[in-house]
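Spelled out from the first residue to the last, the chains are:
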Amino acid sequence: MMLAARANKTHAWQLANCTIETCPISSSYYYYRVSLPANATFLALFAISLIGFLATYALTRRALAFHFALLSGVILEVIGYAGRIQSHQNQWNQNGFLIQIVCLTIAPAFMAGGIYLSLRRVVYAFGPENSRISPEAYTRIVSCPFLFPHE
Amino acid sequence: MASVASHQNRSVKAGDNIMVAGLAFQVFTLLIFMILCADFALRTHKRFKSMGEDAFDQNPMYRHMRSGWRFKGFLTGLALATICIFWRSVYRVAELSEGWQGALIKRQWLFVGFEGVMVIVACFALNLFNPAFTFKEAMEGLGGIGSGKKMRKQQKEKTAQSSSNSDVEASRQV
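Keep in mind that what you see is a predicted model, and the values were worked out from it rather than measured.

Visitor: So what exactly am I meant to see when it comes to the overall build of chain A here?
Guide: Of the regular secondary structure elements, chain A holds six helices and zero strands. Helices and strands appear in chain A in the N-to-C order α-α-α-α-α-α. Counting all 151 residues of chain A, 44% fall into the buried class. The long-range fraction of contacts in chain A, counting pairs at least 24 apart against all pairs at least 6 apart in sequence, stands at 56%.

Following this line, the structure appears as structure tokens:
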């Protein structure tokens, strides 16, 4: 405990020299030993998903905006889990920590964007008469106007 | 960043608040989206109860699509993906609003289960029931960036065609 308190007071460059053997884990960016198998599995799964979306778009050439959103999200997930693997190698490394926190926090927002774009198509399929607002209005309401400049 | 600042004994408040605010905004937009979905589903269901099949679009392309498994799978996949991403965002708000010394952030398997698993399930659901498969025909010239322009152009061509057809018919009748 005292070690941890002392480590927290030292400068970042001193912590940068820490290893699992020499410093308590709580002085790193995490409170636990970052798991390599879990993060490597996620990296592989998101890479598979990425290939899936790329292949689907390459073969169909349909739903450009949806694929743009999902590809952005999945690429950020891949980078994020690569950051976590970097953190596994050195839990005191600032780069790995920053990569994973930034990428993994914003990635699902892109996927949500792709989902929002799809509601309009569902409304068309059932008939716009059933809806309170026009199908295009759904897209305008929920998606970021600067990300998806819809007509 | 907030945690970096806490490492260097600087103020962590600003970075913390920005991250939590961003995640809370994700939760908020997802909530609005789910309310819109529920509203549409309820209205459609009500109309279906009073009018039967006539409540739906009778375009043969859409009738065919609605009866197929791809479309039902897409609706299920979209709902699943929405719930997963919503769950994950709520968890992240709870995690980060406690600060960098909170109880949730100290547990790796909570992160694995509620961040990693939730998001990968959402992605695979959308991989399997990709709208590019589900809405095959409906997407020709429709959807995506610039679809409004394309639709207007199609409409114009259609009206131009029909008016020229009626001209021909009129001349025949004469």
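Visitor: Looking at this model, I keep getting lost on the packing of helix α4 (residues 69-97) of chain B against helix α5 (residues 108-128) of chain B. Mind explaining?
Guide: Residues and elements named next belong to chain B. The interhelical angle for the contact between α4 and α5, taken along N-to-C directions, is 160 degrees, at an axis separation of 8 Å. By the angle class used here, α4 and α5 are roughly antiparallel. Along this stretch, α4 crosses α5, giving a crossing that reads as left-handed. From α4, G77, L80, A81, C84, I85, W87, R88, Y91 and R92 reach across to α5, where they touch F114, E115, M118, V119, V121, A122, A125, L126 and L128. Of the residues contributing to the contact of α4 with α5, the split by class is 14 nonpolar, one polar and three charged.

Visitor: I'm lost on the interface of chain A and chain B in this one. Help?
Guide: When the parts of a complex come together, some accessible area is lost, and that lost area is often used as the size of the interface. Taken together, the contact pairs 53 residues of chain A with 62 residues of chain B. Where the side of chain A that touches chain B is concerned, the elements lending two or more residues are α2 (12-15), α3 (36-60), α4 (64-89), α5 (94-126) and α6 (135-142) of chain A. Broken down by element, the side of chain A that touches chain B gets its largest block of residues, 21 residues, from α5 of chain A. When its residues are assigned to classes, the side of chain A that touches chain B shows 34 nonpolar, 13 polar and six charged.

Visitor: How should the nonpolar core be read in this particular structure?
Guide: Nonpolar side chains in soluble globular proteins generally cluster together in the buried interior. Ranked by internal contacts, the top residues of the largest apolar core, which has 59 residues, are F46, A69 and M111 of chain A together with A81, I85, A122 and C123 of chain B. Listed by contribution, the elements that provide at least two residues to this core are α3, α4 and α5 of chain A together with α2 (13-51), α4 and α5 of chain B.

Visitor: Mind showing me how you'd approach the environment of T29 of chain B here?
Guide: Residue and element names in this part refer to chain B. Note on placement: T29 falls in helix α2. Overall, the presence of 19 C-beta atoms within 10 Å leaves T29 in the partly exposed class. On a C-alpha basis, the gap between T29 and T82 in space is 11 Å, while along the polypeptide they are 53 residues apart.

Visitor: What is the right way to look at α5 of chain B in this model?
Guide: Given 3.6 residues per turn, any residue in an α-helix points the same way as the ones three and four places further on. When the terminal C-alpha atoms of α5 of chain B are compared, their 29 Å separation across 21 residues agrees well with the 30 Å that a helix rising 1.5 Å per residue should span. V117 of chain B marks where α5 of chain B bends most, by close to 25 degrees. Residues of α5 of chain B that are buried: F111, F114, E115, G116, M118, V119, I120, A122, C123, A125, L126 and N127 of chain B. Against the buried residues of α5 of chain B lie α3, α4 and α5 of chain A together with α4 of chain B.

Visitor: Just to check I follow, could you spell out the packing of α3 of chain A against α4 of chain A for this structure?
Guide: Each pair of packed helices gets described by two things: the angle between the helix axes and the distance between those axes. Residues and elements named next belong to chain A. Between α3 and α4, the shortest axis-to-axis distance is 9 Å and the interhelical angle comes to 160 degrees. With respect to α4, the element α3 is oriented roughly antiparallel. In this structure, α3 meets α4 at a crossing whose hand is left-handed. Facing L36, N39, A40, F42, L43, F46, A47, S49, L50, F53, L54 and Y57 of α3, the residues of α4 in contact are H67, L70, L71, V74, I75, E77, V78, Y81, A82, R84, I85 and H88.

Visitor: When you look at unusual backbone geometry in this model, what are you seeing that I'm missing?
Guide: Excluding glycine, residues mostly carry a negative phi; peptide bonds, for their part, are mostly trans. Residue and element names in this part refer to chain A. Unlike most non-glycine residues, R61 shows phi in positive territory, near 55 degrees. Mapping R61 onto the fold places it in the loop between α3 and α4. For A63, which is not a glycine, the phi torsion comes out positive at approximately 55 degrees. By the C-beta count within 10 Å, which is 26 here, A63 ends up buried.

Visitor: Help me understand the confidence of the model for chain B in this model?
Guide: In low-pLDDT segments, the atomic positions of the prediction should not be examined closely. Residues and elements named next belong to chain B. Within chain B, residue pLDDT values average 82, and 77% of them lie at 70 or more. Per-residue pLDDT, averaged within each element of chain B, yields its smallest value for helix α1 (residues 2-7) (58) and its largest for α5 (96). Scored below 50 in pLDDT, residues 168-174 makes zero contacts in the model with residues more than four places away or belonging to other chains. Overall fold confidence (pTM) sits at 0.81, and the ipTM for the predicted complex is 0.85.

Basis of the calculations
Note that residues are indexed from 1 along each chain, following the sequence as it is written. The lettering of chains begins at A and the numbering of ligands begins at 1, in the order of writing. Reporting of local features is limited, given that this is a predicted model, to residues whose pLDDT is at least 70; pairs of side-chain atoms are given and counted only at 80 or more, and all residues count toward the totals for whole chains, interfaces and linings. Each helix is a run of H or I in the DSSP string that is no shorter than four residues. Each strand is a run of E no shorter than two, and both are numbered from the N terminus. Here a residue counts as buried when 20 or more other C-beta atoms fall within 10 Å of its C-beta, as exposed when 12 or fewer do, and as partly exposed in between; the C-beta atoms come from the backbone. Note on contacts: residues are paired as contacts if their backbone-placed C-beta atoms lie within 7 Å. A fitted line through C-alpha atoms serves as each axis, taken over the contacting stretch for helices, and the angle formed by two N-to-C directions is quoted from 0 to 180°. Under this scheme an angle from 65 to 115 degrees is roughly perpendicular, one under 35 degrees roughly parallel, and one over 145 degrees roughly antiparallel; angles in between are oblique. With the far helix as reference, a near helix turned anticlockwise by less than a right angle produces a left-handed crossing, and one turned clockwise produces a right-handed crossing. Following the grouping adopted for this structure description, the nonpolar residues are Ala, Val, Leu, Ile, Met, Phe, Trp, Tyr, Cys and Pro, the charged ones are Asp, Glu, Lys and Arg, and the polar ones are all others, Gly among them. We define the nonpolar core as any set of buried residues of the types Ala, Val, Leu, Ile, Met, Phe, Trp, Tyr and Cys, connected via C-beta atoms lying within 7 Å of each other. Expected span, for any helix, means 1.5 Å times one less than how many residues it has. The bend reported for a residue corresponds to the angle between axes fitted to the seven residues ending at that residue and the seven starting there. Summary of the metric used: pLDDT quantifies the predictor's per-residue confidence within the range 0 to 100.

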